[in-house]
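In case you want the letters, here they are:
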Amino acid sequence: MPTTPSELAILRARAAHLAQRIEPEVVASTDVLVFMLAGERYAVPAATLREVVMLTQRVPLPGATVPVVGLTLWRGALLRLVDIRAMLGLPMTSLNDLARVLVMESATSTIGLLVDEVLEMRAIDVSQLEEPARGTVRHTDLIVGVTKDVVAVLSAERLLDLDP
């Protein structure tokens with residue numbers, strides 16, 4: 001029990017300091033799906049991802065321009081297949097057993113993004129994204145940023161707005 005006014009003042013100051021609210025640091029993070037495309041790692045926001053499916057059939061679409069490479073049947077409807085390798089300056093490769101279609105959806109558009117392999121779902125800190133290196137990608141507007149471990153995060157809005 002404090003006996004002097006100075007001891008009481010010290011205890012009150014300590015109590016006031018301990019009673020202060022400590023605001024947690026707000027980190028803007030978002031969940032993304034990381035995938036491989038021509039040997040490089042890319043990611044798309046999980047919020048626009050509807051489903052990941054195996055590519056069972058692909059029908060060419062006559063007259064379609066890059067990046068549209070054809071159509072497939074998905075849940076009873078035709079799904080436009082998009083391959084963005086050429087837009088990113090990546091070499092075209094053949095599809096293998098690990099190839100998947102990322103079904104992405106917005107209020108106005110649904111596409112099937114062809115990828116080589118799905119790796120993981122993870123959260124990224126949006127404030128830590130770095131600018132993509134200029135001159136390495138033809139359509140830099142597709143890339144939002146690059147993580148410290150070199151995963152290029154793609155713009156879901158831009159992908160969903162690609163002209164057929």
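My aim in this report is to walk through the structure given alongside it, one point at a time. A quick note: this is a predicted structure, and the numbers were derived from the prediction, not measured.

Now for the overall build of the chain. Of regular secondary structure, the chain possesses 3 helices and 10 strands. Here the C-alpha radius of gyration of the chain, 24 Å, is well above what a compact globule of 164 residues would show, namely 15 Å. Here the chain, with 164 residues, has 37% of them falling under the buried criterion. Element-wise, carbon and sulfur atoms account for 56% of the exposed surface of the chain, whose accessible area totals about 10,100 Å².

On to the pairing of strand β6 (residues 100–105). Pairing of strand β3 (residues 49–54) with β6 involves 5 bridges; the strand directions are antiparallel. When the sheet's bridge partners are listed, E51 is paired in β6 with V103. With 6 bridges joining them, β6 and strand β7 (residues 110–115) adopt antiparallel strand pairing. Of the residues in β7, the one forming a bridge with V101 is L114. Linkage of β6 to β7, two consecutive antiparallel strands, is achieved through a turn of 4 residues.

Moving on, we come to the nonpolar core. Buried together is how nonpolar side chains tend to be arranged in soluble globular proteins. Formed by 26 residues in total, the largest nonpolar core has its most connected members in F35, V44, I84, M104, L113, L154 and L159. Looking at this core, the elements with two or more residues in it are β1 (29–37), β2 (40–45), α2 (85–88), β6, β7, β9 (143–146), β10 (152–154) and α3 (156–160). Once residues lying within four places of it in the same chain are set aside, the contact partners of L159 are V44, I84, M104, I111, L113, L142 and L154.

Okay, the side chain of R122 next. Of note, R122 is situated in strand β8 (residues 117–125). By relative accessible area, which is 19% here, R122 ends up buried. A polar atom in the side chain of R122 sits 2.9 Å from the side chain of D149. Residue contacts for R122: discarding those within four places in its chain leaves T30, D31, V32, V34, T147, D149 and V151.

It is worth spelling out the sheet that holds strand β4 (residues 68–74) at this point. Sheet architecture is open: 5 strands sit in the order β3-β6-β7-β5-β4, paired in mixed fashion. Looking along the sheet, the strands with just one partner apiece sit at the ends: β3 and β4. When the angles between neighbouring strand axes are averaged without regard to direction, this sheet yields 30 degrees. As paired elements, strand β5 (residues 77–82) and β7 share 3 bridges and run parallel to each other. If you follow V82 over to β7, its bridge partner there is L113.

To continue, consider unusual backbone geometry. Here the amide bond leading from V66 into P67 is cis, since omega sits at 20 degrees, within 30 degrees of zero. With respect to the secondary-structure elements, P67 resides in the loop between β3 and β4. Phi is positive for A38, close to 55 degrees, though the residue is something other than glycine. Looking at the secondary structure, you find A38 in the loop between β1 and β2. The backbone of V150 shows a phi angle near 60 degrees, a positive value even though the residue is not glycine. Looking at the secondary structure, you find V150 in the loop between β9 and β10.

Criteria and cut-off values
- Residues numbered from 1 in each chain as written.
- Predicted model: local features only at pLDDT ≥ 70, side-chain atom pairs only at ≥ 80, totals over all residues.
- Heavy atoms only, no water.
- Helix = DSSP H or I, 4+ residues; strand = E, 2+ residues; numbered from the N terminus.
- Rg over C-alpha atoms; globule rule 2.2 N^0.38 Å.
- Buried < 20%, exposed > 50% of the residue type's maximum accessible area, 1.4 Å probe, protein only.
- Areas by Shrake-Rupley, 256 points an atom, 1.4 Å probe, with all protein chains shown as cover.
- Pairing = 2+ DSSP bridges.
- Core = buried A, V, L, I, M, F, W, Y, C linked by side-chain atoms within 4.5 Å.
- Contact = heavy atoms within 4.5 Å.
- Polar contact = N/O pair within 3.5 Å; in protein donor to acceptor, adjacent residues only side chain to side chain.
- Axes fitted to C-alpha atoms, helices over the stretch in contact; angles between N-to-C directions.

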